[in-house]
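# Observations on chain architecture
The chain contents come next:
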Amino acid sequence: MTTHETPGLAVRLRCTLADRLARTGSLRDLAWRDAVEAVPRERFLGSAVARVTEDGAWEVIHRVEVTEDEWLHLVYRDETWVTQIDGSMVEGAHGTVSGAPTSSSTLPGLVVLMLEAAGISDGDKVLEVGTGTGYSAALMCHRLGSHAVTSVEYDPAVAGRARDAFTAAGYAPTLVIGDGLLGYDKNAEYDRLIATCSVRSIPFSWMWQVRDGGTITAPLSGWMGGSAFARLTLGDDGTASGRFLRDDISFMTARPHGPPPMPSAYLVTGDARESRVDPGVLDDPAGLFAAQLAAQLAAPSAVRLGGGDEVVLWDVATGSLAATGLDPQGGWTVRQRGPLRLWDAVEAAVLTWQATGSPHQSAYGLTVTGERQYVWLGDPDGSSWDLPI
């Protein structure tokens, strides 16, 4: 197999990718289009990537196993490629492997959509939380200059590979190995902060490092799997507020905010009653987000397993459990045990959500103060739910 690069093909494929993203609406700003056409994504994928198989495992593809043209066509798909599984870079694996992805090169359409949603403009100074392969930081370096971009990566191996890629591609952002939830105060204040990892709540250190009038753009998620895309504007009173956006963007959870290990087995016992809502509503991203808000308030450590008619909510702190199933007589049954009645909270939130027309997550907003962080429905004085902090 040849490993010689084909520069002409790479340039053409970048232009084709930019055209595709423009047609789908992900790419609207001409400055970001210029970045997509200029930044060599192949530099940031390393020598191997993995893609999911039909049975949920991961197929590893090594660069040396395909021709250079085949590799470039793979690179410039609008597709996410996993680069690390269970903390190990995929270069060391062959064939099909199992495990959970812990780092990836997110599909370019999603990367550009987030950069545009953050409102980054020429002259801005940006802090990125979650370097990953470095591709998104490289796009920002191309537009803003390397001096204006700071990126924090938790994993030393991932950061080391990103640093090599930056050098090979001709970019030199400030790359920090550390906990991105702490930000990086040495380069503060920032005009924009973007997180390419999901968080359960907004770290207060981010609030202190972004200037008044600046923005924080981050996917917000919980242990039940619900998510929404937050863009907050910092006020001069030390608070931040904003609505969730229409774009459904989610990333891997920041490792310090990740859920505990799932139970391998659980016993479905407890007090039984009829469920007032269809458990399948949690398969709707907006319904799951609404349910998660209430569940987190009642039990910040609750996780969700299953789906459809058979949902299990399990609180790792108290052992409380709720499990739903079809009732042979019609409808659904829920069994609950433990000090917390998890399904009661879910029902109340889902019914409130349904009563307002089952809106998308963009009907909600988020406010962060020094005392609390809360999600509200409709307006800040409407129904609200506190986040676990």
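Position numbers for residues count from 1 along each chain, tracking the sequence in the order it is written. Reporting in this predicted model follows two pLDDT cut-offs: at least 70 for local features of residues, and 80 or more for side-chain atom pairs to be given and counted; totals over whole chains, interfaces and linings ignore these cut-offs and use all residues. Based on all heavy atoms of the structure, the side-chain values leave hydrogens and waters out of the count.

### Quick word on the sheet that holds strand 18 (residues 332-337)
Taken together, the five strands give an open sheet; going across it, the order is 14-18-17-16-15, and neighbouring strands pair in antiparallel fashion. Edge positions in the sheet fall to strand 14 (271-274) and strand 15 (302-307), since each has one partner strand and no second. The mean inter-strand angle of the sheet, taken between neighbouring strand axes irrespective of direction, is 15°. Following DSSP output, two strands are said to pair if at least two bridges run between them. Helix and strand definitions here come from DSSP, where helices need a minimum of 4 consecutive H or I residues and strands a minimum of 2 consecutive E residues; each element is numbered from the N-terminal end. Relative to strand 18, strand 17 (residues 321-326) runs antiparallel, the two sharing six bridges. Considered in strand 18, the bridge of Ala323 is made with Arg335. Note on contacts: a residue pair is in contact if any heavy atoms of the two residues lie within 4.5 Å. Axes here mean lines fitted to C-alpha atoms, for a helix over just the part in contact, with angles spanning 0 to 180 degrees between N-to-C directions. Strands strand 14, strand 16 (310-315), strand 17 and strand 18 of the sheet are contacted by helix 9 (residues 342-355), whose axis makes an angle of about 115° with strand 16.

### Section: the confidence of the model for the protein chain
Scored between 0 and 100, pLDDT is the confidence that the predictor attaches to each residue. On average, residues of the protein chain carry a pLDDT of 89, and 93% of them reach 70 or more. In the model, residues 1-5 has pLDDT below 50 throughout and makes 13 contacts with residues more than four positions away in sequence or in other chains.

### Looking at helix 6 (residues 156-169)
For helix 6, built from 14 residues, the straight-helix expectation of 20 Å at 1.5 Å per residue is met to within 8% by its first-to-last C-alpha distance of 20 Å. Regarding helix 6, the residues found buried are Val158, Ala159, Arg161, Ala162, Ala165, Phe166 and Ala169. Buried residues of helix 6, viewed axially, fall in a sector of 165°; they line one side. The exposed set on the far side of helix 6, more than 90 degrees from its buried face, consists of Pro156, Asp164 and Thr167. Its buried side turned inward, helix 6 meets strand 3 (81-85), strand 4 (88-89), strand 6 (101-105), helix 5 (135-144), strand 8 (149-153) and strand 9 (174-177). In protein, a polar contact requires one atom able to donate a hydrogen and another able to accept it; more generally it is a pair of N or O atoms within 3.5 Å, and residues adjacent in sequence count only if both atoms are side-chain atoms. Structurally, the start of helix 6 carries an N-cap: the backbone nitrogen of Ala157 is 2.9 Å from a side-chain oxygen of Asp155. Directly after helix 6, the chain includes Gly170, whose backbone phi takes a positive value near 90°. Here a helix's expected span is defined as the number of its residues, less one, multiplied by 1.5 Å. Only protein chains enter the accessibility calculation, which uses a 1.4 Å probe; a residue whose area is less than 20% of its type maximum is buried, one above 50% is exposed, and one in between is partly exposed. Note: the arc covers the axis-to-C-beta directions of the helix.

### Details of the pattern of salt bridges
Opposite charge on two side chains makes pairing possible when the charged atoms of those side chains draw close. Salt bridges, as used here, are contacts in which a Lys or Arg side-chain nitrogen is within 4 Å of a carboxyl oxygen on Asp or Glu. Summed over all chains, the structure comprises 18 salt bridges. A salt bridge links Arg304 to Asp283, with the nearest nitrogen and oxygen atoms 3.1 Å apart. Taken together, the residues span a long stretch of sequence, with Arg304 in strand 15 and Asp283 in the loop between strand 14 and helix 8 (285-298) at a distance of 21 residues. Residue classification places Arg304 among the buried residues on the basis of a relative accessible area of 18%. Owing to a relative accessible area of 44%, Asp283 belongs among the partly exposed residues under this scheme. Between Arg372 and Asp386 there is a salt bridge; the shortest N-O distance is 2.7 Å. In this pair, Arg372 sits in the loop between strand 19 (364-368) and strand 20 (373-377) while Asp386 sits in strand 21 (residues 384-386), placing the two residues 14 residues apart along the sequence. Judged by relative accessible area, which is 27%, Asp386 ranks as partly exposed. Salt bridges sharing partners connect three or more residues here, namely Arg273, Arg276, Asp344 and Glu347.

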